[in-house]
Amino acid sequence: MSESFQAESGGKPGFTRRRFIIGSVGVTAVAAVGGTTVRAPRAFAATAPSGPPTTTVPLPTTTEPEQLLLTWGANPASEVTVSWSAPGTVAQPAPTLAFSTAPITATNPGHLVKMPDPKPLDVTQRYGAAASVSFTDGLNGQTTYFYHVQLNGLKPGTRYYYQVSDGAHTPSTAGASFETAPAGRAKFRFSSYGDLATPSWDLNKSGNIWHESSDNAWFAVTAIESPGDGKGAPLFHLLNGDLCYANLDVNNAPGVWRDFGINIARSAANRPWMPALGNHECEFGVDDIHGKAGNASGGVAAQGAAGNYWNGPYGFGHYLSRFLLPDNGVTNWDGNRLRGNFYAFQVGTVKFISVDADDVVYQDGAANYVINSANAAPEVTTTGAAIPNGTTAYTRFYTGDLKLNAKNNSLVPDYSKGKPNLQTIWLEQTLADARHDPSVDMIVVFMHQCALSTSVPGNGSDLGIRQAWLPLFDKYEVDLVLSGHEHDYERSYPVRGYDAGEHGTVSAPNPGQTKGDAVDTRRPSVAATEPSSVNGIPAWNTAEGTVYLVLGGGGTNGPTNTYGTDAATDKAQAKVITTRNEVVGSEAAGFVKNGADSIEDAPWSAAINPTDAYGYSIFDVDPGEHKGDTTITFQYFAIPAVSNLTGTAHDGTTTLPSVPTEKFVFGRKVGKK
Ligand SMILES: [Fe+2]
Ligand SMILES: [Fe+2]
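Within every chain, residues take consecutive numbers counted from 1 along the sequence as written. Both sets of labels track the order of writing: A upward for chains, 1 upward for ligands. Predicted model: local features are reported for residues with pLDDT of at least 70 only, side-chain atom pairs are reported and counted for 80 or more only, and whole-chain, interface and lining totals are derived from all residues. In computing side-chain properties, one takes all heavy atoms of the structure into account and sets aside hydrogens as well as water.

**Section: the coordination of the iron ion (ligand 2)**
By definition of the ideal shapes, four donors in a tetrahedron about a metal sit 109.5 degrees apart, and six donors in an octahedron sit 90 or 180 degrees apart.
1) Next: For Na, K and Ca the donor cutoff is 3.2 Å, while for all other metals N, O and S atoms count as donors only within 2.8 Å; water does not appear among the atoms, so some sites may look incomplete. Coordination of the iron ion (ligand 2) by the protein comes from Asp242 (OD), Asn279 (OD1), His448 (NE2) and His485 (ND1), over a distance range of 2.1 to 2.2 Å.
2) Next: In these descriptions, tetrahedral denotes four donors with every angle between 85 and 135 degrees, square planar four donors and octahedral six donors with opposite donors over 155 degrees apart and the rest between 65 and 115, and irregular any other case. One way to put it: the four donor atoms around the iron ion (ligand 2) meet at angles of 86 to 158 degrees, and that makes the site irregular.
3) Next: A spacing of 3.4 Å is found between the iron ion (ligand 2) and the iron ion (ligand 1), which share Asp242 as a donor. Of this pair, His448 sits in the loop between β24 (442-446) and β25 (461-462) while His485 sits in the loop between β26 (480-483) and β27 (489-492), placing them 37 residues apart in sequence. Each member of the pair, His448 as well as His485, is classed as buried. To qualify as a helix, a DSSP run of H or I must reach at least 4 residues; to qualify as a strand, a run of E must reach at least 2; elements of each kind are numbered from the N terminus. We call a residue buried when its accessible area falls under 20% of the maximum for its residue type, exposed when it is over 50%, and partly exposed in between, using a 1.4 Å probe and counting protein chains only.

**Structural notes on the coordination of the iron ion (ligand 1)**
1) Next: Summarising the metal site, the iron ion (ligand 1) is bound by the protein donors Asp195 (OD), Asp242 (OD), Tyr245 (OH) and His487 (NE2), whose distances to it range over 2.1 to 2.2 Å.
2) Next: Note that the iron ion (ligand 1) binds four donor atoms; their angles at the metal cover 87 to 171 degrees, and the shape is irregular.
3) Next: Counting the intervening residues between successive donors of the iron ion (ligand 1) yields the motif D-x46-D-x2-Y-x241-H.

**A closer look at helix α2 (residues 216-225)**
The periodicity of an α-helix, 3.6 residues per turn, causes residues three or four places apart in sequence to face the same way.
1) Next: Buried residues dominate α2, accounting for nine of its 10 residues.
2) Next: By the burial criterion, the buried members of α2 are Asn216, Ala217, Trp218, Phe219, Ala220, Val221, Thr222, Ala223 and Ile224.

**A short note on empty space enclosed by the protein**
1) Next: Cavities and pockets are defined on a 1 Å grid built over the protein atoms alone: a cavity is a set of grid points where a 1.4 Å probe fits but cannot escape, while a pocket is an open set with protein on both sides within 12 Å along at least five of seven lines, and lining residues are those with an atom within 4 Å of any such point. Grid points are joined across faces, edges and corners, and a volume is the space filled by probe spheres set on the points. Counting across every chain of the model gives eight cavities of 30 Å³ or more.
2) Next: Counted as a void, the largest cavity has a volume near 70 Å³.
3) Next: Contributing to the lining of the largest cavity are Val123, Gln125, Tyr127, Leu320, Phe323, Leu324, Leu325, Arg337, Arg339 and Gly340.
4) Next: Any residue outside Ala, Val, Leu, Ile, Met, Phe, Trp, Tyr, Cys, Pro, Asp, Glu, Lys and Arg is labelled polar, Gly included; the first ten of those are nonpolar and the last four are charged. Tallied by class, the residues present in the lining of the largest cavity amount to six nonpolar, two polar and two charged.

**A word on the sheet that holds strand β10 (residues 159-165)**
1) Next: Strand order in this open sheet of four strands is β6-β5-β10-β11, and the pairing throughout is antiparallel. Where the open sheet ends on each side, the last strands, each with one partner, are β6 (111-114) and β11 (173-179). Each adjacent strand pair in this sheet contributes to an overall mean axis angle of 20 degrees, direction not counted.
2) Next: As paired elements, strand β5 (residues 96-100) and β10 share five bridges and run antiparallel to each other. Within β10, the residue paired with Phe99 across the bridge is Tyr162. Two strands are counted as paired when DSSP detects at least two bridges linking them. Only the contacting stretch of a helix is used when fitting its axis, a line to C-alpha atoms as for every element, and angles between N-to-C directions run 0 to 180 degrees.

**Quick notes on unusual backbone geometry**
1) Next: Despite not being glycine, Asp195 has its phi angle at roughly 60 degrees, a positive value.
2) Next: Tracing the backbone through its elements, the reader meets Asp195 in the loop between β12 (188-193) and α2.
3) Next: Notably, Arg522 is not glycine yet its phi reads approximately 50 degrees, a positive angle.
4) Next: Judged by relative accessible area, Arg522 falls into the buried class, the value being 4%.

Encoded structure:
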């Protein structure tokens with residue numbers, strides 16, 4: 001078993017490989033195979049807190065620039081956005097950015113950009129080339145400041161140096177350098193994972209433990225700067241949602257974001273980090289869902305009960321303040337511009353598309369206050385905001401309506417009420433344009449929640465994504481779909497279309513369902529189960545089917561790497577969420593929320609990793625000689641688990657493996673004679 005697995009995977013043993021034809025399960029322990037020992041600095045805090053703070057922790061009042069962050073503009077060969085923040089609640093006096101193709105020095109001051117005065121986040125407005133944005137957290141009242149400069153007209157494949165300053169009487173500065181994307185057909189490397197969270201107290205700048213903190217979040221950033229194969233850092237990184245779980249620390253969301261920003265700056269100051277929205281980016285506050293301040297009588301305390309429990313537009317206020325992402329040009333039905341909620345960019349011959357699956361999933365957002373006990377008090381924060389028991393932030397269809405096409409169990413934009421789902425319309429147009437663009441060979445979609453997952457303690461596969469977007473991924477032959485959400489690694493076979501009929505069984509009924517009923521889970525059809533080979537590396541043809549990769553092992557303290565198997569057949573099995581996982585109950589009795597309602601046998605599941613939950617992925621793009629020749633060589637590197645939320649520090653070191661756990665080539669011509 002392990003021999004044939006090794007031969008196919010092209011990496012070291014350690015994965016359970018399951019094939020739906022054979023149905024066998026084999027487990028081989030991961031052996032320590034080479035690697036780099038990394039010692040963390042451990043200088044930030046001396047003693048371990050007993051757990052996350054239960055009151056609001058003050059933020060600094062200094063102004064030195066920190067949390068440096070790069071993102072691509074619309075054209076990565078010529079546009080890069082440089083962002084940074086003040087440490088806490090005081091705006092920088094006179095912030096500036098200087099940039100140049102040579103290091104910034106006294107004799108080379110570079111081009112200077114002076115920042116405007118900060119304005120509160122307002123996504124109905126367009127951004128200038130330089131923008132200063134403030135955001136006041138709805139639950140703790142702390143205001144934090146972010147600065148964005150959209151550089152354009154840069155030269156392709158060129159290194160730029162930059163320095164930001166707070167402009168204080170005695171200025172504090174910080175800086176780094178980055179490389180623009182190459183023009184035309186070119187080789188490049190990118191990386192990905194989701195569900196990063198924050199380091200634990202010993203490696204957090206604040207010295208705090210936050211919910212989901214783990215020192216794996218520190219090593220995950222280290223790994224991107226120095227990938228295990230020794231072939232250098234990527235040009236950019238894709239961060240597949242659930243960035244830092246700030247919504248779980250209701251008294252300290254700005255402080256959690258700060259520790260996240262400082263941690264990722266070790267890489268994001270040097271290369272763009274491109275995020276996707278996840279469920280944990282949705283936060284409670286005191287606004288309505290559109291981001292307008294709630295004005296229920298009774299002041300701040302009354303807003304939650306009146307439905308004003310959102311932190312900025314759709315709860316995404318912190319995310320939208322921090323990341324100024326490529327503009328999709330779409331204005332929502334409520335007047336909010338949807339810049340950053342979803343977007344696309346192209347590097348070389350690959351189109352990258354980030355989508356927000358919160359808009360289509362049956363799952364809720366992760367801002368929840370659901371307590372299964374009678375007459376539970378509201379969740380009250382230090383500012384007096386009170387969120388009633390039974391509240392969940394549910395953002396499905398926030399960009400407009402979808403309706404069921406029963407003929408093929410799909411969801412399509414619903415024009416009948418005049419508000420069709422704008423993200424899905426944009427996604428189809430973007431996919432169509434990409435597939436017909438002669439300069440694009442391959443399409444990579446990244447999002448947070450999963451269409452295909454067999455994790456047992458995780459969330460499961462969401463029928464909403466399968467209904468709304470898999471028909472588009474099939475039609476336009478998306479090559480790879482990357483996700484997070486499950487805190488583990490999983491890979492599908494290439495899939496195309498769906499297995500008609502009812503392949504699911506209701507196991508945990510929602511209201512209106514009956515246990516044991518058959519249900520159509522729109523199960524993806526397997527297109528191929530045997531790879532071909534490119535230079536001795538197993539290779540999958542993604543023109544035949546889309547490959548789904550779950551890459552959610554960034555660093556949270558809650559791994560979910562156990563996977564479903566049908567005990568009767570020994571085949572892979574998946575939980576599927578086929579209806580809204582509604583909160584049911586009452587104030588008097590308490591509330592509960594259902595998990596995934598159904599299960600299906602999952603022949604599409606090709607590989608799982610029950611041994612290591614954490615890891616990162618490296619993708620090497622080679623455009624080849626001619627149109628359509630592009631290949632992407634994929635390596636997944638597992639990272640050993642190093643520490644958890646509470647307790648004593650780990651020993652400060654870990655070994656980042658130098659050998660990939662899996663290695664594959666993906667391409668649209670591979671295996672063709
Ligand atoms: Fe997560
Ligand atoms: Fe998630």
